[in-house]
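# Summary of the model geometry
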2 protein chains.
Amino acid sequence: MTTRRQFFGYAGAAAAGAAATGGAVVALAKDSTTPEPVSRTISPYGEHQAGIARPAPASAELVAFKLATDRAGLGRLMRLWTSDIVALADGRPAPGDTAPELAVPNKSVTVTVGFGPRVFDLTGQKPRGLDDLPVMKHDRLRPAWSGGDLLLMVGADDAVSVVHAVRRLIADAKPFATPLWRQTGFWDSTGANGEPVTGRNLFGQVDGTGNPAFGTPEFDDTVWSTEAGFRGGTTLVVRRIRLNLDTWDELTRSEQERAVGRKLSTGAPLTGTAEHDELDLEARDADGRLVIAQNAHARLSHHSENDGRRIFRKGLNYVHDTGATRESGLIFLSHQADVAGQFLPLLTRLDAVDALNEWTTTIGSAVFALPPGFQPGEWIGQSLLS
Amino acid sequence: MTTRRQFFGYAGAAAAGAAATGGAVVALAKDSTTPEPVSRTISPYGEHQAGIARPAPASAELVAFKLATDRAGLGRLMRLWTSDIVALADGRPAPGDTAPELAVPNKSVTVTVGFGPRVFDLTGQKPRGLDDLPVMKHDRLRPAWSGGDLLLMVGADDAVSVVHAVRRLIADAKPFATPLWRQTGFWDSTGANGEPVTGRNLFGQVDGTGNPAFGTPEFDDTVWSTEAGFRGGTTLVVRRIRLNLDTWDELTRSEQERAVGRKLSTGAPLTGTAEHDELDLEARDADGRLVIAQNAHARLSHHSENDGRRIFRKGLNYVHDTGATRESGLIFLSHQADVAGQFLPLLTRLDAVDALNEWTTTIGSAVFALPPGFQPGEWIGQSLLS
């Protein structure tokens, strides 16, 4: 398997991803010697919007908008965006595309659309628990990175496809909504041999190990809403977290690992040997101290500490340069059916005692409902707006 | 071939790239059914520095530095960087790496080092023609994007590898040099089926068609210096060119094609049908007008208009956000043995009459000598500094 994957790096990773998420349209090998061409096109159709139940993309952009229209205008924008999204996912130019050659098939383009809490003043059907998060003690929120009425989240294998898709979608939003903030990010979820990996943030930590696995009942229960009118939708928390790499780097590796509760090398819990080993939250060392410390990030964010409530989180690394000065960080993305019920208790606990707070500062925060997916002939948000 | 390439997307592109450039270490398939694992590691060693005679990388960063040391200190920095570069190219952590797990093999990491003109005050062996470019009539240069004593140019398949490598190299430069500007860019040089393509800028133009082909005598004559002490080196012009996408988009496609002299669809000259068809600079239409206009970019930048002198140019797309406002552009990179002899006449002519000037503005400019490559045991710049 390793050898095949090494060679079939590209194909193998895509196939594994598709098997995991059920999302990508992939022609699998008929046998080991006569494999078929691999598609990296991700269908925009389905019960859920594309781009959610997948690993973080190599290149991504999130754009939040301020809405400048009424309910009918929002419906028109959603129909317009839906038609754009179908074309872009397919690598075809959307209607009116002024740079049609930048639409290239097979680049794993996904577009996910979200509604901020205030939009539900227009629709009257706000999903349960969807409110702006209260400001946490450690938050240093900047308006420039916070809030928003609409969200576009675009992902692809390459940055050109992302930039092109975002430009098209912003242009079509022009009469209805204006950009409020935009955040670009990147993630590497392939290892040295092209195999799928969890990926690392810019602290070097394996980031996202605790997630429920794609395609499990646990994942579905965590992520998808079952509320009437919003069934198959989910919510997204976007937190822009500045990482202080310089002070983090002053720690020894074992201090870093103690803060996280996991090994830097593999992401394994300090009580285990492999990345996905369960945490032993009771284990103590020879001196009687908890191996995974009371304030370790992995303990505090573990679902057993959160009344069993889970989230599905992804990260996108970001760098933001002002002249020659670089800020580094993580665009933290959390999906859950219910923000107030699943995410807020976790955030509150992390804000209170997480060891990582010393080296991280949240500078942006926003919450969106991501409407259910759509089928051919339908449009995004239809169940909420029609 | 198409079918094999479609399937062997990843491997095929790498192999094609390696065949073209002689750069990558690639194990080719022994026969069509039992291919070997593919390495995407690019050797840092050779007659020339890595990262030059290759297509633009998917992800890249250029960092210019102000030097704050003497000749001996510069030599120490070069020895340090050389050892970093060997490790980074190999996907191993460099000595002192504080995030060693972010060094991942097989990510096509290349690091190229350059010396600005003033550095040769220390060495006394300035390559012929290496001077800061005069300010052109259309230039609107900002100090923030211009000049510099040292250059690092880092490329890789993914942005995490680039960010990691740059951070390491800047950290090791600390006693010797401080960052002056940094520019991040991206390029997509694979098509829908994973096949190598020239790639497009954010105007949607195929960009780089006119280059001499890798591995040809023409390429070697264009790029590599034969000067004593600098043999195997080259020079690099970095121009940050803002593209006004909004006004460009107001043109019809045929107006856009007339400005460039090439078709948007394929990059073929307006007098041809395939991308690499030779330009017919004399051809006229039924009304007797030149098909490739007098001020078309493709005509003005054609080597026949430049006394046969050529350049090897690459582009990196960039986006630069200030709040919700985006600037889009191209980091234009030109390699030539002699800046004053090969590039300056071309630039002067383009500045005077290029039709594209209406939609482009150069806001940064810098010139560097890229010392020859090195072998195990040697270090970058050794022939200039030791």
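Sequence positions are assigned chain by chain, starting from 1 and proceeding in written order. Starting at A for chains and at 1 for ligands, labels are handed out in the order in which the entities are written. Local features in this predicted model are restricted to residues of pLDDT 70 or higher, and side-chain atom pairs are both shown and tallied only at a pLDDT of 80 or more, whereas totals for entire chains, interfaces and linings draw on every residue. Values reported for side chains reflect all heavy atoms of the structure, with hydrogen atoms and water molecules removed beforehand.

The positions UniProt marks with the feature "domain: Dyp-type peroxidase C-terminal" (unreviewed entry) are residues 199-373 of chain A. Across residues 199-373 of chain A, helical content stands at 22% and strand content at 25%; the span's end C-alpha atoms are separated by 27 Å. UniProt positions are given in the numbering used here, feature names are shortened, and annotations may be inferred rather than shown by experiment. Helix numbers and strand numbers start at the N terminus; a helix is a DSSP run of H or I with at least 4 residues, a strand a run of E with at least 2.

Now for the packing of helix α3 (residues 71-90) of chain A against helix α5 (residues 159-173) of chain A. Residues and elements named next belong to chain A. In this analysis, axes come from line fits to C-alpha atoms, helices being fitted only over the stretch in contact, and the angle between any two N-to-C directions falls in the range 0 to 180 degrees. Closest axis-to-axis distance for the α3/α5 pair is 10 Å, and the angle between their directions is 160°. Comparing their axes, α5 and α3 come out roughly antiparallel. Between α3 and α5 lies a crossing whose hand is right-handed. Contacts from Leu-77, Leu-80, Trp-81, Asp-84, Ile-85 and Leu-88 in α3 reach His-164, Ala-165, Arg-168, Leu-169, Asp-172 and Ala-173 in α5. Orientation labels follow simple angle bins: below 35 degrees gives roughly parallel, above 145 gives roughly antiparallel, 65 to 115 gives roughly perpendicular, and whatever is left gives oblique. Left-handed describes a crossing whose near helix is turned anticlockwise from the far helix by less than a right angle; the clockwise case is right-handed. What makes two residues a contact is simply this: any of their non-hydrogen atoms within 4.5 Å.

On to the packing of aromatic side chains, then. Note on aromatic pairs: the rings of Phe, Tyr and Trp (six-membered ring only in Trp) are paired at centre separations within 6.5 Å, and the planes decide the class, stacked below 30 degrees, edge-to-face beyond 60, tilted for the rest. Overall, the coordinates contain 20 aromatic pairs over all chains when judged by the stated rule. On the basis of an interplanar angle of 75° and a centroid distance of 5.5 Å, the ring pair of Tyr-45 of chain A and Phe-374 of chain A is categorised as edge-to-face. Of this pair, Tyr-45 of chain A sits in the loop between α2 (9-21) and β1 (59-67) while Phe-374 of chain A sits in the loop between β8 (360-370) and α11 (382-385), placing them 329 residues apart in sequence. Residue exposure (1.4 Å probe, protein chains only): buried if accessible area is under 20% of the type maximum, exposed if over 50%, otherwise partly exposed. For Tyr-45 of chain A, a relative accessible area of 31% puts it in the partly exposed group. Ring plane angle 75° and centroid distance 5.6 Å describe the contact between Phe-214 of chain B and Phe-312 of chain B, whose orientation is recorded as edge-to-face.

Bringing the interface of chain A and chain B into the picture now. Across the boundary between the two partners, chain A contributes 53 residues, which contact 52 residues of chain B. Buried surface at the junction of chain A and chain B, both sides included, amounts to about 4500 Å², of which 60% is carbon and sulfur. Here a salt bridge means any side-chain nitrogen of Lys or Arg lying within 4 Å of a carboxyl oxygen belonging to Asp or Glu. Connecting chain A to chain B are ten salt bridges. Arg-326 of chain A is the salt-bridge partner of Glu-61 of chain B, the closest N and O atoms lying 3.0 Å from each other. Any pair of nitrogen or oxygen atoms within 3.5 Å is treated as a polar contact; in protein, a donor-acceptor pairing is required on top of that, and neighbouring residues in sequence qualify only through side-chain atoms on both sides. Summed over the shared surface of chain A and chain B, the result is 15 residue pairs in polar contact (both at pLDDT 80 or more). Broken down by secondary-structure element, the contributors of at least two residues to the side of chain A that touches chain B are α1 (2-7), α2, α5, β4 (177-186), α7 (245-248) and β6 (312-322) of chain A. A per-element tally of the side of chain A that touches chain B places β4 of chain A first, with six residues. Looking at the side of chain A that touches chain B residue by residue, the classes come out as 25 nonpolar, 14 polar and 14 charged. We define buried area as the total accessible area lost by two parts upon association, computed with a 1.4 Å probe and summed across both. Each residue is assigned to one of three groups, with Ala, Val, Leu, Ile, Met, Phe, Trp, Tyr, Cys and Pro labelled nonpolar, Asp, Glu, Lys and Arg labelled charged, and all others, Gly among them, labelled polar.

This next bit is on the relation of the copies chain A and chain B. A rotation about some axis, followed by a shift along it, carries one copy of the chain onto the other. When chain A is brought onto chain B, the operation consists of a screw motion whose angular component is 180° and whose axial shift is 0.0 Å, with 0.0 Å RMSD remaining. Within this description, the copies of the chain are treated as partners about a two-fold rotation axis. A share of 98% of the interface residues of chain A reappears at the interface of chain B, consistent with the copies meeting face to face through the same patch. Copy-to-copy superposition: least squares on the C-alpha atoms, limited to residues that have pLDDT of at least 70 in both copies.

This next bit is on the pairing of strand β1 (residues 59-67) of chain B. All names here are of chain B. Buried residues dominate β1, accounting for eight of its nine residues. DSSP bridges decide pairing: two strands pair if at least two such bridges lie between them. Bridging between β1 and strand β3 (residues 150-156) involves seven bridges; their strand directions are antiparallel. Its bridge partner lying in β3, Leu-62 is registered against Met-153. For β1 and strand β4 (residues 177-186), the ladder comprises nine bridges, and the chain directions are antiparallel. Bridged to Ser-59 within β4 is Phe-186.

All names here are of chain A. Considering the arrangement of structural elements, one finds Ser-146 in the loop between α4 (120-123) and β3 (150-156). Here the side chain of Ser-146 touches Arg-142 through a polar contact of 3.0 Å, landing on its backbone oxygen. Apart from residues no more than four positions distant in its own chain, Ser-146 is found in contact with Leu-141, Leu-180, Trp-181, Ile-363, Gly-364 and Ser-365.

Turning next to empty space enclosed by the protein. Grid points spaced at 1 Å and placed over the protein atoms alone form the basis of the search, with a cavity being a set where a 1.4 Å probe fits but cannot get out and a pocket an open set showing protein on both sides within 12 Å along at least five of seven lines. Lining residues have an atom within 4 Å of a point. Grid points are joined across faces, edges and corners, and a volume is the space filled by probe spheres set on the points. Throughout the structure, instances matching the rule amount to seven cavities of 30 Å³ or more. Of the volumes computed, that of the largest cavity is approximately 90 Å³. Every residue along the wall of the largest cavity is listed here: Asp-97, Thr-98, Ala-99, Leu-102, Val-163, His-164, Arg-167 and Arg-168 of chain A together with Leu-202 and Leu-245 of chain B. Split by residue class, the lining of the largest cavity holds five nonpolar, two polar and three charged.

This part takes up unusual backbone geometry. Residue and element names in this part refer to chain A. Unlike most non-glycine residues, Asn-106 shows phi in positive territory, near 75°. Here Asn-106 lies in the loop between α3 and β2 (110-115). According to the relative accessible area criterion, Asn-106 is buried, its value standing at 11%. For Asp-307, which is not glycine, the phi torsion reads 55° and is therefore positive. Relative to the helices and strands, Asp-307 resides in the loop between α9 (297-300) and β6. Of the residues examined, Asp-307 reaches a relative accessible area of 65% and is grouped as exposed.

Time to look at α5 of chain A. Each full turn of the α-helix corresponds to 3.6 residues, which orients residues three or four apart in the same direction. All names here are of chain A. What a helix is expected to span follows from its residue count: subtract one and scale by 1.5 Å. The end-to-end C-alpha distance of α5, which contains 15 residues, comes to 21 Å, matching closely the 21 Å that a straight helix rising 1.5 Å per residue would cover. The element α5 is extensively covered by neighbouring structure, given that 13 of its 15 residues are classed as buried. The backbone nitrogen of Val-160 lies 3.1 Å from a side-chain oxygen of the residue at the head of α5, namely Asp-158.

Let's shift gears to the environment of Val-319 of chain A. Within the secondary structure layout, Val-319 of chain A lies in strand β6. If we ignore the near neighbours within four places in the chain, the residues touching Val-319 of chain A are Phe-186, Leu-202, Arg-326, Glu-327 and Ser-328 of chain A together with Val-163 of chain B.

Here the focus is helix α8 (residues 253-260) of chain B. Residues and elements named next belong to chain B. Taken together, the buried positions of α8 are occupied by Gln-256, Glu-257, Ala-259 and Val-260. The buried residues of α8 occupy an angular sector of 160° when projected down its axis, which confines them to one face. The secondary structure elements touched by the buried residues of α8 are α7 (245-249) and α9 (297-300). The first or second residue beyond α8 is Gly-261, which carries a positive phi of 85°. For this quantity, the arc is that covered by the directions from the helix axis to the C-beta atoms.

Across chain A, the average pLDDT comes to 91, with 90% of residues at or above 70. For residues 1-32 of chain A, every residue scores under 50 in pLDDT, and the model assigns this stretch 62 contacts once sequence neighbours within four places are set aside. As a per-residue measure, pLDDT reflects the predictor's confidence and takes values from 0 up to 100.

The next subject is the pairing of strand β7 (residues 325-336) of chain B. Residues and elements named next belong to chain B. Most of β7 is tucked away, with eleven of its twelve residues classed as buried. Both strand β5 (residues 234-243) and β7 contribute to a ladder of nine bridges, which runs antiparallel. Each bridged residue has a counterpart across the sheet, and for Val-237 the counterpart in β7 is Ser-334. Of the pairings in the sheet, the one linking strand β6 (residues 312-322) to β7 comprises eleven bridges and is antiparallel in character. Of the residues in β7, the one forming a bridge with His-320 is Glu-327. The antiparallel hairpin formed by β6 and β7 contains two residues in its connecting segment, where Gly-323 sits at a positive phi of about 60°.

Our focus in this paragraph is the nonpolar core. Within soluble globular proteins, side chains that are nonpolar tend to cluster in buried spots. What is meant by a nonpolar core is a set of buried Ala, Val, Leu, Ile, Met, Phe, Trp, Tyr and Cys residues, joined one to another through side-chain atoms within 4.5 Å. With 93 residues, the main nonpolar core has Phe-65, Met-78, Trp-81, Phe-115, Leu-150, Trp-181 and Phe-343 of chain B as its most contacted residues. Looking at this core element by element, the count peaks at seven residues for helix α3 (residues 71-90) of chain B. Apart from the residues lying within four places of it in its own chain, the contact partners of Trp-81 of chain B are Phe-65, Val-113, Leu-150, Leu-152, Leu-169, Asp-172 and Ala-173 of chain B. Grouped together as the second largest cluster of nonpolar side chains are 92 residues, Leu-77, Trp-224, Val-238 and Leu-330 of chain A included.

Taken as a whole, this structure holds 38 salt bridges over all chains when the rule is applied. Of the charged contacts, one joins Asp-90 of chain A and Arg-92 of chain A as a salt bridge, the two residues approaching to 2.9 Å between their closest N and O atoms. A salt bridge links Asp-188 of chain B to Lys-107 of chain A; the nearest nitrogen and oxygen atoms lie 2.8 Å apart. Placement of the pair is Asp-188 of chain B in the loop between β4 and α6 (217-223) and Lys-107 of chain A in the loop between α3 and β2, with the two residues belonging to separate chains. Here the two residues Asp-188 of chain B and Lys-107 of chain A agree in accessibility, since each one is buried. Members of the salt-bridge network, linked through shared partners, are Glu-61 and Arg-182 of chain A together with Asp-321 and Arg-326 of chain B.

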